[in-house]
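# Residue-level structural notes
Chain by chain, the residues run as shown.
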Amino acid sequence: MTATYLFYLIIGILIINFLIDKIINAINAKHFQDALPREINDVYDQTEYEKSQRYKKTNYRFSLVVSSISFIGLLLFFFFDGFAIVDGIARGFSNNEIIIALIFFGMLVFASDLISTPFSYYHTFVIEERFGFNKTTKATFLFDKLKGWLLMLIVGGGILALIIWFYQLTTDYFWIYTWLFVTVFSLFMNMFYARLVVPIFNKQTPLEDGELKAAISEYARKVGFKLKNIFVIDGSKRSTKANAYFSGFGREKRITLYDTLINDLETDEIVAVLAHEVGHYKRKHIIYNMIISTLLTGLTFYILSLFISSPLLSEALGVRIPSFHIGLVAFGILYSPISEITGIVMNYISRMFEYQADDYAKETYQPEPLITSLKKLSKNSLSNLTPHPSYVFMNYSHPTLLQRVRNLKNEQ
Ligand SMILES: [Zn+2]
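Residues numbered from 1 in each chain as written. Predicted model: local features only at pLDDT ≥ 70, side-chain atom pairs only at ≥ 80, totals over all residues. Heavy atoms only, no water.

Let us now look at the overall build of the protein. When you go through the protein residue by residue, the secondary structure sums to 16 helices and 4 strands. Counting only residues that meet the buried cut, the protein has 43% of its 412 residues in that class. Long-range pairs, those at least 24 residues apart, make up 76% of the contacts in the protein with a sequence separation of at least 6. With the model as given, the accessible surface of the protein reaches about 21600 Å², and the carbon-plus-sulfur share is 65%. Across the protein, 39 positive and 35 negative side-chain charges occur, with their mean positions spaced 2 Å apart. (Helix = DSSP H or I, 4+ residues; strand = E, 2+ residues; numbered from the N terminus. Buried < 20%, exposed > 50% of the residue type's maximum accessible area, 1.4 Å probe, protein only. Contact = heavy atoms within 4.5 Å. Areas by Shrake-Rupley, 256 points an atom, 1.4 Å probe, with all protein chains shown as cover. Lys, Arg positive; Asp, Glu negative; His and termini not counted. Charge placed at Lys NZ, Arg CZ, Asp CG, Glu CD.)

Below is the structure:
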């Protein structure tokens, strides 16, 4: 294996990844106008349906333009030795490998974020605005960016520095220490995400006493689910789109409802959504997900440890001084076909879990309010109701609305 061969292997992987993604997106777009199946033809009225068609097409064209531009930019970066240039600049600041790596990734991440900012600005303030979703002010947009950068600097920089330090200390066994550290860190984040990270971006308030809380408490008591933490989050600060999610475990477990969800849905519909979330917990999906992702992380770090010491990785990217950070970039791309596949498997498992959570809600509560809530949520986010199966297979973490309605009505 020569460095030139490896370089073209990396370029080949980038091109194939890009093409597969574009082809599946194009197939999916071809089915935007498909006739709606009977079970879900009551989601939109004619005007809303036409609006959803325009929304799908606009988003499709927008993502095609953005991904093509960034793909061409990436190829240019590879062919004009971008990594060698950035590595050279980083080495001008320090002789310490950890500091060099931090400056190297810092420059790459910051630059690519700056380039993508006009596009995300356009998406939020032109596209989402035009379709009536946007509630974000320009100040919120700016502060989200700044807070995101700060978090990235502290958390991302801290983790990267630690991993390289492990590598310098233990070389061959660094993957075990890194794996242990990442596992403990993600357990910690899973547990305290709602306490530590969410408040940086949103306000969370305990659900007020009233009809909704009484209905939820009654349901929780019935299924023996100890729930003291139900929070309402101010999602309406950014978008009209609604959501609900489960996080943490043990004493820290909580259910978070978007204020938009509470506005859009009736009480029994919200209880049904909550029953679905409780289903994820009762069916141990949180634990399974953690086990699977821990094993996958271990495998990835192990494979990384087999290749990271090879100077060939750095050579392939045209960088003369071999280093951990350049090796990491090359490895990341070489590994992407594998992570593509594990991503598809994870999506498959996630869709299976969604069915199980729906079944749980159906068995312990009622199917009907869950069906109407799913339809309302689809309508209010102008969802694509006719995604192509290949697109669902690759990208969907949830079954389609049609599949979920059929499953809830026992029609599958
Ligand atoms: Zn779910």
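Within the secondary structure layout, His 276 lies in helix 10 (residues 267-282). For His 276, a relative accessible area of 5% gives the class buried. Not counting the four nearest positions on each side in its chain, His 276 is found in contact with Glu 354, Ala 357, Asp 358, Ala 361 and Arg 404.

Attention shifts here to the packing of aromatic side chains. Going through the model one piece at a time under the given rule, you end up with 35 aromatic pairs. Seen in terms of ring centroids, Tyr 167 and Phe 174 are 5.3 Å apart; in terms of plane orientation they differ by 85°. Their pairing is edge-to-face. Members of the aromatic cluster, connected to one another through ring pairs, are Phe 77, Phe 78, Phe 83, Phe 104 and Phe 105. Geometry around Phe 125 places Lys 138 over its ring, the cationic atom sitting 5.4 Å from the centre. One residue, Arg 254, lies across the ring of Phe 231, its end atom 4.0 Å from the ring centre. (Phe/Tyr/Trp six-rings, centres within 6.5 Å; stacked < 30°, edge-to-face > 60°. Lys NZ or Arg CZ within 6 Å of the ring centre and 35° of its normal.)

With that settled, consider the coordination of the zinc ion. The protein atoms that coordinate the zinc ion are His 276 (NE2), His 280 (NE2), Glu 354 (OE) and Glu 354 (OE), at distances of 2.1 to 2.7 Å. For the zinc ion, the 4 donor atoms in the first shell make angles of 53 to 135° at the metal, a pattern classed as irregular. All donor residues of the zinc ion come from one chain, and their arrangement in sequence is H-x3-H-x73-E. You can see His 280 sitting in helix 10 and its partner Glu 354 sitting in helix 13 (residues 324-364), a full 74 residues away along the chain. By the burial criterion, His 280 is buried, and Glu 354 matches it. (Donors = N, O, S within 2.8 Å, 3.2 Å for Na, K, Ca; no water. Tetrahedral: all angles 85-135°; square planar, octahedral: opposite > 155°, others 65-115°.)

This part covers the pattern of salt bridges. Throughout the structure, instances matching the rule amount to 17 salt bridges. Its salt-bridge partner being Arg 406, residue Glu 39 comes within 2.8 Å of it at the nearest N-O pair. With Glu 39 in the loop between helix 1 (3-30) and helix 2 (46-79) and Arg 406 in helix 16 (residues 401-408), this pair connects stretches of sequence that are 367 residues apart. Assessed through its relative accessible area of 6%, Glu 39 is described here as buried. The class of Arg 406 is partly exposed, set by a relative accessible area of 29%. Taken together, the shared-partner salt bridges connect Arg 38, Glu 39 and Arg 406 into one network. (Salt bridge = Lys/Arg side-chain N within 4 Å of Asp/Glu carboxyl O.)

With 34 residues, helix 2 should cover 50 Å at 1.5 Å per step; its first-to-last C-alpha distance of 50 Å lies within 8% of that length. Those residues of helix 2 that sit buried are Tyr 49, Ser 52, Gln 53, Tyr 55, Lys 56, Thr 58, Phe 62, Ser 67, Phe 71, Leu 75 and Phe 78. Lining the buried residues of helix 2 we find helix 1, helix 3 (82-91), helix 4 (97-130) and helix 13. (Expected span 1.5 Å × (residues − 1).)

One can describe the packing of helix 6 (residues 174-196) onto helix 11 (residues 285-307) by two numbers: an axis separation of 9 Å at closest approach and a directional angle of 150°. What the angle tells us is that helix 6 and helix 11 run roughly antiparallel. Along this stretch, helix 6 crosses helix 11, giving a crossing that reads as right-handed. Only Met 290, Thr 294, Leu 295, Thr 297, Gly 298, Phe 301, Tyr 302, Leu 304 and Ser 305 of helix 11 make contact with helix 6, whose side of the interface consists of Phe 174, Trp 175, Thr 178, Trp 179, Val 182, Thr 183, Leu 187 and Asn 190. Partitioned by chemical class, the residues of the contact of helix 6 with helix 11 number 10 nonpolar, 7 polar and no charged. (Axes fitted to C-alpha atoms, helices over the stretch in contact; angles between N-to-C directions. Parallel < 35°, antiparallel > 145°, perpendicular 65-115°, else oblique. Left-handed = near helix turned anticlockwise from the far one by under 90°. Nonpolar A, V, L, I, M, F, W, Y, C, P; charged D, E, K, R; others polar.)

A word on unusual backbone geometry. Although it is not a glycine, Asp 81 adopts a positive phi angle of roughly 55°. Among the structural elements, Asp 81 can be located in the loop between helix 2 and helix 3. For Asp 81, a relative accessible area of 37% corresponds to the partly exposed category. For Thr 171, which is not glycine, the phi torsion reads 40° and is therefore positive. Within the element layout of this structure, Thr 171 appears in the loop between helix 5 (138-170) and helix 6. The class of Thr 171 is partly exposed, set by a relative accessible area of 34%.

Next up on the list: the side chain of Glu 252. Within the secondary structure layout, Glu 252 lies in the loop between strand 3 (244-247) and strand 4 (254-258). In this structure the side chain of Glu 252 is engaged in a polar contact, spanning 2.8 Å, whose partner is the side chain of Arg 195. Other than its neighbours up to four places away in sequence, Glu 252 contacts Met 191, Phe 192, Arg 195, Asn 229 and Ser 247. (Polar contact = N/O pair within 3.5 Å; in protein donor to acceptor, adjacent residues only side chain to side chain.)

Looking now at the nonpolar core. Formed by 43 residues in total, the largest nonpolar core has its most connected members in Ile 216, Tyr 219, Ile 255, Leu 257 and Val 278. The element best represented in this core is helix 10, accounting for 7 residues. If near-sequence neighbours (up to four positions away) are discounted, Val 278 is found in contact with Tyr 219, Val 223, Phe 225, Ile 255 and Tyr 360. Listed in part, the 42 residues of the second largest apolar core include Leu 6, Phe 71, Leu 75 and Val 329. (Core = buried A, V, L, I, M, F, W, Y, C linked by side-chain atoms within 4.5 Å.)

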